[in-house]
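# Results of the structural survey
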Amino acid sequence: MGKIIFYEGRNFQGRHWECSSDCMDTFRHFNCCNSIRVSGGHWVAYEKPYYMGYQYILSPGDYPDYHCWMGFNNCVRSCQMFPPYRGSYKMRIYNRPDMMGHTMEFMDDCPNVHERFRFRDIYSCNIMEGYWIFYEHPNYRGRQYFLRPGEYRACGDWGCHNPMVGSFRRMRTMM
């Protein structure tokens, strides 16, 4: 079973709260989050309640301060655990909203979307198999967006405000 522990202080200090299931609003459990320990499962932590705001993908391990999980601040207000997945991966990306325009199909990671797709923007996508992570910048840097199987007709559907995706990769439980 998965478990994540949120600490108010850096380096796992101060008040803390253990969680083993999805939580829509962590506010009653802690005020701020400066370190996290994931002892089981894979998690997505969100900056705002109800799974909104910046997303942080967390694999098992220690994150002694918010910079270690690529956090923009010390605010975590909701979290979700996602089940292990060991199947195949497949998605289609489009350079226009509503699955229109040029399309490419992927089954592997892409460290630089522009070099491979020749477009800087991904406006829509269809995740057919597996879990994927989109990153704002090339080489898996910047804001992260966790995508489950389904259709995303506009970049806002995966929580992004603009269609710029610099890289993406499969979310594998072996990470």
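In what follows, the structure referred to is the one given above.
Read on for an overview of the structure. Owing to the predicted nature of the structure, the values given are computational and were not obtained by experimental measurement.

### Brief notes about the overall build of the chain
- Helix and strand counts for the chain stand at 1 helix and 14 strands.
- The globule rule puts the C-alpha radius of gyration for 175 residues at 16 Å, and the 16 Å found for the chain is close to it.
- Dimensions of the chain, computed from the C-alpha atoms along their principal axes, are close to 50 × 30 × 25 Å.
- Within the chain, counting contacts between residues at least 6 apart in sequence, those at least 24 apart form 67% of the total.
- Approximately 8,700 Å² of the chain is accessible, and the part contributed by carbon and sulfur atoms is 50%.

### Remarks on the pattern of salt bridges
- Within the structure shown, the criterion is met by 9 salt bridges.
- Across the pair E151 and R153 runs a salt bridge whose closest N-O atoms are separated by 3.1 Å.
- Using a relative accessible area of 38% as the deciding quantity, one classes R153 as partly exposed.
- Through salt bridges with shared partners, one network takes in K90, R92 and E105.

Rules and cut-offs
Residues numbered from 1 in each chain as written. Predicted model: local features only at pLDDT ≥ 70, side-chain atom pairs only at ≥ 80, totals over all residues. Heavy atoms only, no water. Helix = DSSP H or I, 4+ residues; strand = E, 2+ residues; numbered from the N terminus. Rg over C-alpha atoms; globule rule 2.2 N^0.38 Å. Contact = heavy atoms within 4.5 Å. Areas by Shrake-Rupley, 256 points an atom, 1.4 Å probe, with all protein chains shown as cover. Salt bridge = Lys/Arg side-chain N within 4 Å of Asp/Glu carboxyl O. Buried < 20%, exposed > 50% of the residue type's maximum accessible area, 1.4 Å probe, protein only.

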